[in-house]
Amino acid sequence: IGLFTKSTNIVFICNEMKYLFSLLVKRPIGSFLRKLEEEKYKRNLTRQQLKVPDKGIYLSYAGQSVPDKNGIIHGGRVKLVHLAQEYPEKKSLTNILYLVSSAIPQHAEVLVRYLKEKGVKFVWNQNGVAYPAWESENYKITNSRLSALLHMADYVIYQSQFCRLSANRYLGEARVPSKVLYNPVDTELFTLSDNPPSLDTWQLLVTGTHLQPDRVLLILKTLAYIKTRGQDANLVIAGRLGWPDGEKETFDAIRKLDLTGNVELLGAYTQEQAPVIYQNAHILFHIKYKDPCPTVPIEAMSCGVPVIGSFSGGMPELVSDEGGLLLEVPDVWDKMCYPKPEEMVEAVVNIMGDLEEWRRKARQRAVNHFSKDHWLEQHQQIFTGLL
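An account of the accompanying structure is given in this report. (Residues numbered from 1 in each chain as written. Predicted model: local features only at pLDDT ≥ 70, side-chain atom pairs only at ≥ 80, totals over all residues. Heavy atoms only, no water.)

1. Digging into the overall build of the chain
Thought 1: Regarding its fold elements, the chain presents 15 helices and 11 strands.
Thought 2: The burial tally for the chain puts 51% of its 387 residues in the buried class.
Thought 3: Accessible surface, the chain: about 19,100 Å² in total, of which carbon and sulfur atoms supply 50%. (Helix = DSSP H or I, 4+ residues; strand = E, 2+ residues; numbered from the N terminus. Buried < 20%, exposed > 50% of the residue type's maximum accessible area, 1.4 Å probe, protein only. Areas by Shrake-Rupley, 256 points an atom, 1.4 Å probe, with all protein chains shown as cover.)

Written out as structure tokens, the structure reads:
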């Protein structure tokens, strides 16, 4: 209706009504409305007078490199901040579209087709995929979209070898050039603290976007077991408690386990706040199952914080035996698996017994393998080759 009322061209209106009616009678109403939105989006694209330079590197991120209104950027979008600093997004001027699978903009398929018709190259950064344990009913629907975009790409960057393996399993093998590039960290921003926390009270940390309850509740049980050994310990939970009733379940568990004075909930945080959060910790827990290539452990290691996690997903590639301790879990796709709290307690005791050496190794691993500068150099080579 908004489209009709803005036009005074009767012929245009009649043609639009004819087209929309043909869609309505041929497709379900949901598909019809989606198509209508896509057509409106495509018209907006055509009005932007896009210019495709034949020299230089001009990236578009479809607006995904910008933090939200609270200054928070997380998940797959974090790495785009590094790229945008090197290649700022310029409206209506691009020759490479760069999208991340965990931060897909609305109408991405329409955007990709439109820009490729104009001669723009498309780089797809592939993170994880959906699988039965993650989305028991809808994982095939999610993967169908990921697969479509992956196979539209001119170049595919996999965030880890595990990302390539799982994409080949659920999305199909890419038929274009590809490369594994682990997520980066600014090792000058995320660095060792000049005043590390005292060893009298063990400072534990779990951070990120918490979409599964066990990622938090099992760590609370681990903290409770540590206290029963007579060791003073605190836990900071940073990031959004994103599962249904997450805050209520967390507060209930804290009360039940008698941890009220030992747990601090920070909520969501900005990238600027992140280094201090890590620097105030001795150990990071990251037990998400089959996490493809999480940035959180990389940032922690860069701050000299060793990691305790599960031996699954991309974690063995990231943490190895230098950045922390990874605990064995079953390798399956139809259920989530986590280390036992008792095993995590032993890992904490192990690391705290030689913390300075673990801090040194964790920091060195981040510097050697996940430098932002190296990541940007690899991207420049890819972009130059494409153009």
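2. Considerations on helix α11 (residues 295–302)
Thought 1: Within α11, eight of the eight residues are buried, leaving the element largely enclosed by the surrounding structure.
Thought 2: When we look at burial in α11, the residues that qualify are Thr295, Val296, Pro297, Ile298, Glu299, Ala300, Met301 and Ser302.

3. Digging into the packing of helix α8 (residues 214–228) against helix α13 (residues 341–352)
Thought 1: For the pair α8 and α13, the least separation of the axes is 9 Å and the interaxial angle reads 60°. Judged by the angle between their axes, α8 and α13 are oblique. As α8 runs across α13, the sense of the crossing is right-handed. Seen from α8, the contacting residues are Leu218, Ile219, Lys221, Thr222, Tyr225 and Ile226; seen from α13, they are Pro341, Glu342, Met344, Val345 and Val348. (Axes fitted to C-alpha atoms, helices over the stretch in contact; angles between N-to-C directions. Parallel < 35°, antiparallel > 145°, perpendicular 65-115°, else oblique. Left-handed = near helix turned anticlockwise from the far one by under 90°. Contact = heavy atoms within 4.5 Å.)

4. A closer look at the sheet that holds strand β1 (residues 59–60)
Sheet strands line up and pair through hydrogen bonds in the backbone, either parallel or antiparallel.
Thought 1: The parallel open sheet is built from five strands, whose spatial order is β1-β2-β3-β4-β5. Looking at which strands have only one partner, the edges of the open sheet turn out to be β1 and β5 (178–180).
Thought 2: Note: β1 against strand β2 (residues 96–100), two bridges, orientation parallel. Note that in β2 the partner of Ser60 across the bridge is Leu97.
Thought 3: Sheet strands touched by helix α4 (residues 78–86): β1, β2 and β3 (121–126). Its angle to β2, the strand with the most contacts, is close to 155°. (Pairing = 2+ DSSP bridges.)

5. What to know about the sheet that holds strand β11 (residues 324–327)
Thought 1: Spatial strand order, β8-β7-β6-β9-β10-β11: six strands in an open sheet with parallel pairing. Across the chains shown, the open sheet's two edge strands, defined by having one partner strand only, are β8 (263–267) and β11. Taken pair by pair, the neighbouring strands of this sheet meet at an average axis angle of 20°, ignoring direction.
Thought 2: Across six bridges, the pairing between strand β6 (residues 202–207) and strand β7 (residues 233–238) is parallel.

6. Digging into the side chain of Ser310
Thought 1: Turning to its location among the elements, Ser310 is positioned in strand β10 (residues 307–310).
Thought 2: Of note is the side chain of Ser310, whose polar atom sits 2.7 Å from the side chain of Ser312.
Thought 3: Contact partners of Ser310, with chain neighbours within four places excluded, come to His286, Ile287, Lys288, Tyr289, Met315, Leu326, Leu327, Val329 and Pro339. (Polar contact = N/O pair within 3.5 Å; in protein donor to acceptor, adjacent residues only side chain to side chain.)

7. Digging into the pattern of salt bridges
Thought 1: Counted by the stated rule, this structure contains 11 salt bridges.
Thought 2: For Lys248, the salt bridge identified is with Asp252, shortest N-O distance 2.9 Å. Taken as a pair, Lys248 and Asp252 lie in helix α9 (residues 246–256) at a separation of four residues, close to a single helical turn.
Thought 3: Overall, the relative accessible area of 54% leaves Lys248 in the exposed class.
Thought 4: Judged by its relative accessible area of 31%, Asp252 falls in the partly exposed class.
Thought 5: One salt bridge in this structure joins Glu322 and Arg365, with 3.0 Å as the shortest N-O distance. Here the residue Glu322 occupies a position in the loop between α12 (315–319) and β11, and Arg365 occupies one in helix α14 (residues 355–369), the gap between them amounting to 43 residues.
Thought 6: Judged by its relative accessible area of 31%, Glu322 is partly exposed.
Thought 7: When salt bridges with common partners are traced through the structure, they connect Lys248, Asp252 and Arg255 into a single cluster. (Salt bridge = Lys/Arg side-chain N within 4 Å of Asp/Glu carboxyl O.)

8. Comments concerning the environment of Asp186
Thought 1: Tracing the sequence through the fold places Asp186 in the loop between β5 and β6.
Thought 2: For the pair Asp186 and Ala366, spaced 180 residues apart in sequence, the C-alpha to C-alpha distance is 9.6 Å.
Thought 3: When near neighbours in sequence (up to four residues on either side) are disregarded, Asp186 contacts His82, Ser302 and Lys372.
Thought 4: At a separation of 3.1 Å, a polar atom in the side chain of Asp186 contacts the main-chain amide nitrogen of Glu188.

9. Let's talk about the pairing of strand β9 (residues 283–286)
Thought 1: Burial of β9 is two-sided: the residues Ile283 and Phe285 facing one way and the residues Leu284 and His286 facing the other way are all buried.
Thought 2: Judged from the three bridges that link them, β6 and β9 form a sheet pairing that is parallel. Looking at β9, one finds that Leu205 is bridged to Leu284.
Thought 3: Pairing of β9 with β10, which is carried by three bridges, proceeds in the parallel orientation.

10. Examining the nonpolar core
Thought 1: Core analysis: the biggest nonpolar cluster contains 50 residues, and Leu97, Phe122, Trp124, Leu150, Tyr158 and Tyr278 have the highest contact counts within it.
Thought 2: No other element matches helix α5 (residues 108–117), which puts five residues into this core.
Thought 3: Counting 34 residues, the second largest nonpolar core, distinct from the first, contains Ala233, Ile237, Ala253 and Leu355. (Core = buried A, V, L, I, M, F, W, Y, C linked by side-chain atoms within 4.5 Å.)

So yeah, pure geometry; function would need other evidence.
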